[in-house]
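# A look at the structure
Below, each chain spelled out in residue letters.
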Amino acid sequence: MIKSLYDGALRRLFLWIAVTLAAVMLAACTSQASIVADRASRQNPVISIMAPLHFPNAPSKEVMDKLEGLTGVQLDVTWVGDGIYTDKMYTALSTGSLKNVTFIKHTDYMMVKNAIRDEVFWEIGPYLERFPNLRHLDDRILNQAAVDGRIYGLYTERPSSRQGIILREDWLDKLGLPKPSTLDELYETLRQFTTMDPDGNGLNDTIGLTDRNDLVYGAFKTLSSYFGAPNNWGVGENGVFPEFDTAAYRNTMDFMKRLYDEGLINSDFAVASKDIQRYQIITGAAGAYIGSMTDVQRIQDEARELNPSARFTLVNRIAGPDGFRVWSIPNYNGLYLFSKKAIKTEEELLQHLAFFDRTMDKEVANLLRFGIEDVHYKQINGLVRLSEETTQLRVNEVNALYALMIADVSNPNIMKVEKQEYMLEQAERLSADNEKFIVNDPTLGLDSKTYDEKSPELYKIIRDATYKYMLGQLSPEGFDAEVARWKRSGGEDMMKEYSEAYFGQD
């Protein structure tokens, strides 16, 4: 019996030893696997980016995982809504909390020049030749965005102008109206969209135009170019002068004031966000939207979810006193800048530049542009087919990635589109037509010390005065007084510096 007990104890001891050894070995393997995984993850650099979000959703995890796999990095992207992007970017800049890479809109870029000169960002020009794609970036565009002849940013390429008018085509048809082709016809269209019950519900519940708190990408600047205003600055016999010191700018304010006084525009346009503006056109509260024509496909798709009979059309040619005109951006709409505080070494900078270089490779560029093949698009004989059936899927999962694309317009690695949504095709066709009557900014590439130092506070004077005038809170004489205050506060110096730079060119 004693022997039996002894044998049983011995067997239990051996079993315990075996189990313990197995557990130790498993733990060792798990630990080793964790070490290998950790080493692998540390071999892939972390790229943190602050980028604007122009769509309801950030890209899907599946698409982001594929992007990380193709580029060999770990991405930490902070997506910030376009309507609040500028404020968030300035907050990060002023508090020293920039991501490794930060997108700067071209409308904000000149206002961060002092930070660039204070060496907040890396100068990347000397490194571009090391990369197979970045070395072929367009020198003309790089030089447009250069500061003191030095290159600091990778540009997101865009056509010169996508600006135009998105209209409810079914409302035009119901009211028997043609597409407007003059400013008077545009006014009449907006009036009837407001007063003639275009949706046929018997209620007084529509407005002609929906707009937002943005004098540049909202309706105002596009309308001002129709009226004949220069693009930011004009050039005359006496030198360079600002756009708001022209009759055309004031005529634009009068036009907008008339729309406001007659209730043809949303009464909160001076404070409304882009999301509110889009909501009004999508829900059928408004019949016209002035801005980027490429917004039309998404607007129509979302509007049809609420009203399947909603139809839209586009207009890009509105004749004003000087014929057809439309303002342009530089051939970039923004730049990615690289923080010296967040990116501490040249080696780290090269890792970040390598990521953007890889985004221009064929497989990555087409992922960013179109999504995953056979999920978001089809490839037919080397061409991309974008079907209506996958439109919403691309909006939800892919389209936000477009903000990460650099130099995409001229990138030969991006596949051509065989077939895409009809409205998007129309928007791109009319954007190309805009090139025939572009109004450029004559100060592009010129320097003004006063502009670099004082442009935010000086712009605020004119911005506030413009909105107050349109809302009836400021008389014409009051607006003139604000222009005079702008000149006294540094505007005259700015005009002088730009004049000297412009006329001093070879």
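So, here's what we can say about the structure. Since this is a predicted model, take the numbers as computed values, not measurements.

The next point concerns the overall build of the chain. When you go through the chain residue by residue, the secondary structure sums to 18 helices and 16 strands. Taken over 506 residues, the chain has a buried fraction of 50%. By sequence separation, contacts in the chain at least 24 residues apart represent 77% of the contacts at least 6 residues apart. Just so you have it, the chain exposes about 23700 Å², and 52% of that area is on carbon and sulfur atoms. Counting 56 positive and 73 negative side-chain charges, the chain places the centres of these two groups 5 Å from one another.

Here we come to the sheet that holds strand β4 (residues 154–157). Judged by pairing direction, the sheet is mixed, and its five strands sit side by side in the order β2-β1-β3-β12-β4 without closing on themselves. Of all the strands in the sheet, the pair left with one neighbour each is β2 (74–81) and β4. Mean inter-strand twist for the sheet, computed between neighbouring axes without regard to direction, equals 25°. Bridge analysis of strand β3 (residues 101–105) against strand β12 (residues 332–338) gives five bridges, and the strand direction is antiparallel. Looking at β12, one finds that Thr102 is bridged to Leu337. Against the sheet, helix α13 (residues 346–358) makes contact with β1 (46–53), β2, β3, β4 and β12, and its axis sits at roughly 50° relative to β1, the strand it touches most.

Here we take up the side chain of Lys221. As for its position among the elements, Lys221 is in helix α9 (residues 219–227). Residue Lys221 is classed as buried on the basis of its relative accessible area of 4%. Within the local environment of Lys221, its side chain forms a polar contact with the side chain of Asn232, the two groups lying 2.9 Å apart. Dropping the residues within four chain positions of it, Lys221 is found in contact with Leu215, Val216, Asn231, Asn232, Glu243 and Trp327.

With 13 residues, helix α3 (residues 82–94) should reach 18 Å at 1.5 Å per residue; the first-to-last C-alpha distance of 19 Å fits that figure. Regarding α3, the residues found buried are Asp82, Tyr85, Met89 and Ala92. Considered in projection along α3, the buried side chains sweep an arc of 70° and stay on one side of the axis. Among the exposed residues of α3, those pointing more than 90 degrees away from its buried face are Gly83, Asp87 and Ser94. In this structure, the buried residues of α3 make contact with β1, β2, β3, α4 (106–109) and α11 (274–282). Note on α3: the residue one or two positions beyond its end, Gly96, has a positive phi of about 70°.

Quick look at the pairing of strand β8 (residues 239–242) now. Both strand β7 (residues 233–236) and β8 contribute to a ladder of four bridges, which runs antiparallel. By the bridge assignment for β8, Gly234 is matched with Phe241. Where β7 folds back on β8, the antiparallel hairpin that results is connected by two residues.

So, on to helix α10 (residues 247–261). The periodicity of an α-helix, 3.6 residues per turn, causes residues three or four positions apart to be oriented the same way. End to end, α10 covers 20 Å across 15 residues, agreeing with the expected 21 Å (1.5 Å per residue, within 8%). Residues of α10 that are buried include every one of Ala248, Tyr249, Thr252, Met253, Phe255, Met256 and Leu259, and no others. The buried side chains of α10 occupy one side of the element, clustering within an arc of 160° when seen end-on. The elements touched by buried residues of α10 are α8 (183–195), β6 (207–210), α9, α17 (449–470) and α18 (476–503). Following α10 by one or two positions, Gly263 has its phi on the positive side, about 70°.

Looking at the element boundaries, Trp486 is found in helix α18. Since its relative accessible area comes to 3%, Trp486 is described here as buried. Expressed as a C-alpha distance, the spacing of Trp486 and Ile462, which sit 24 residues apart in the sequence, is 7.4 Å.

Right, let's get into the sheet that holds strand β13 (residues 378–380). Spatially, the three strands line up as an open sheet ordered β13-β14-β15, and their pairing is mixed. With partners counted over all chains shown, the strands left at the sheet margins are β13 and β15 (417–419), one partner each. Strand-to-strand twist across the sheet, computed as the mean angle between neighbouring axes with direction ignored, equals 45°. One ladder, built from two bridges, connects strand β14 (residues 383–385) with β15; its direction is parallel. Among the inter-strand pairings, Val384 is bridged to a residue of β15, identified as Val417.

Moving on: unusual backbone geometry. Residues other than glycine predominantly adopt negative phi, and peptide bonds predominantly adopt the trans conformation. One non-glycine residue, Asp374, lies in the positive phi region at around 70°. Mapped onto the secondary structure, Asp374 falls in the loop between α14 (362–370) and β13. One non-glycine residue, Asn381, lies in positive phi territory at about 55°. By the element assignment, Asn381 lies in the loop between β13 and β14. With a relative accessible area of 78%, Asn381 lands in the exposed category.

What counts and what doesn't
- Residues numbered from 1 in each chain as written.
- Predicted model: local features only at pLDDT ≥ 70, side-chain atom pairs only at ≥ 80, totals over all residues.
- Heavy atoms only, no water.
- Helix = DSSP H or I, 4+ residues; strand = E, 2+ residues; numbered from the N terminus.
- Buried < 20%, exposed > 50% of the residue type's maximum accessible area, 1.4 Å probe, protein only.
- Contact = heavy atoms within 4.5 Å.
- Areas by Shrake-Rupley, 256 points an atom, 1.4 Å probe, with all protein chains shown as cover.
- Lys, Arg positive; Asp, Glu negative; His and termini not counted.
- Charge placed at Lys NZ, Arg CZ, Asp CG, Glu CD.
- Pairing = 2+ DSSP bridges.
- Axes fitted to C-alpha atoms, helices over the stretch in contact; angles between N-to-C directions.
- Polar contact = N/O pair within 3.5 Å; in protein donor to acceptor, adjacent residues only side chain to side chain.
- Expected span 1.5 Å × (residues − 1).
- Arc of directions from axis to C-beta.

It is worth stressing that arrangement in space is one thing and function is another; only the former is reported here.
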